[in-house]
Amino acid sequence: MTDRINAQLTFLTEACKLKSVLRGTTLCDGSRRENSGEHSWHIALYAMVMAEHANRAINLDRVIRMLLIHDIVEIDAGDNPIHGNHDPAETEAIEQAAATRIFGLLPADQASAFRALWDEFEAAETDDAIFAKSIDRVQPVVSNLESGGTSWIDYEVTREQVETRVGAKVQRGASAIWAALRTRIDFWFSSQA
């Protein structure tokens, strides 16, 4: 039992490093960039609050579990903003290696379960993963709308980029949420013209 607890504590200590990974998105008040640990907590809360708007029936417990671990690979890979300039194939390879290393710190049964959940999120083929991916995209949009478009301005994001890179994913799992945000997004971009 001691070996199992030691492995679990090793993983949890490693997971603390996620709090040091700064993201491109700021807090809603624009005061500073959020870290990936804060982001993971916030989107888990988003899922709890917004679950009723999922396009299909979901298992909220599984969605929250996915969201709590979905960015843990950023400990090794860093944050790669959706509007940033990076090689997706290279990022995927780094994230896959990170998932193997980080989840591998856990006892074998938990390592396998966590990795399977992370892989499911990445594949975005199940209803739970599709909704989780949608919520992962909603939170940065709201942060940008509340902070005056901070990262949209930094990355010179266009309305069309928001629609294609974010909107399509949100619509896939939570079309009502995207419909509600679209008016606010359109207003923000029209005010920048």
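Residues numbered from 1 in each chain as written. Predicted model: local features only at pLDDT ≥ 70, side-chain atom pairs only at ≥ 80, totals over all residues. Heavy atoms only, no water.

(A) A look at the overall build of the chain. The number of helices and strands found in the chain is nine helices and two strands. Counted from the first residue to the last, the chain has its helices and strands arranged as α-β-β-α-α-α-α-α-α-α-α. Once the C-alpha set of the chain is aligned to its principal axes, its extents read approximately 60 × 35 × 30 Å. Across the 193 residues in the chain, those meeting the buried criterion constitute 45%. Taking contacts inside the chain between residues at least 6 apart in sequence as the whole, the part at least 24 apart equals 68%. Summed over all atoms, the accessible surface of the chain reaches about 9800 Å², with 55% contributed by carbon and sulfur. Distance from the positive charge centre (19 side chains) to the negative charge centre (29 side chains) of the chain: 2 Å. (Helix = DSSP H or I, 4+ residues; strand = E, 2+ residues; numbered from the N terminus. Buried < 20%, exposed > 50% of the residue type's maximum accessible area, 1.4 Å probe, protein only. Contact = heavy atoms within 4.5 Å. Areas by Shrake-Rupley, 256 points an atom, 1.4 Å probe, with all protein chains shown as cover. Lys, Arg positive; Asp, Glu negative; His and termini not counted. Charge placed at Lys NZ, Arg CZ, Asp CG, Glu CD.)

(B) Local environment of the side chain of S36. Mapped onto the secondary structure, S36 falls in helix α2 (residues 36-50). A polar atom in the side chain of S36 sits 2.4 Å from the side chain of E74. With residues up to four places along the chain from it excluded, the contact list for S36 reads L18, V21, R23 and E74. (Polar contact = N/O pair within 3.5 Å; in protein donor to acceptor, adjacent residues only side chain to side chain.)

(C) Structural detail: the pattern of salt bridges. Counted under the stated rule, the structure contains 18 salt bridges. For the salt bridge of R65 with D61, the shortest nitrogen-to-oxygen distance reads 3.0 Å. One end of the pair is R65 and the other is D61, both in helix α3 (residues 60-69) and four residues apart, which spans about a single turn. Measuring nitrogen to oxygen at the nearest pair gives 2.3 Å for the salt bridge that ties R62 to E120. (Salt bridge = Lys/Arg side-chain N within 4 Å of Asp/Glu carboxyl O.)

(D) Local environment of the pairing of strand β1 (residues 22-26). Of all five residues in β1, four are buried, a share of seventy percent or more. Between the antiparallel neighbours β1 and strand β2 (residues 33-35) lie six residues, among them G30 with a positive phi of about 75°. (Pairing = 2+ DSSP bridges.)

(E) Seen up close, helix α5 (residues 88-103). Its 16 residues place the ends of α5 22 Å apart at the C-alpha level, agreeing with the 22 Å of an ideal helix rising 1.5 Å per residue. Where α5 is concerned, the buried positions are T91, E95, A98, A99, I102 and F103. Each buried residue of α5 lies within a common arc of 105° when the element is viewed along its axis, so the set occupies one face. For α5, exposure combined with an orientation more than 90 degrees from the buried face picks out A89 and T100. Check the buried side of α5 and you find it contacts α1 (2-15), α3, α4 (74-77) and α6 (108-123). For α5, the N-terminal cap is D87; the gap from its side-chain oxygen to the backbone nitrogen of A89 is 3.1 Å. (Expected span 1.5 Å × (residues − 1). Arc of directions from axis to C-beta.)

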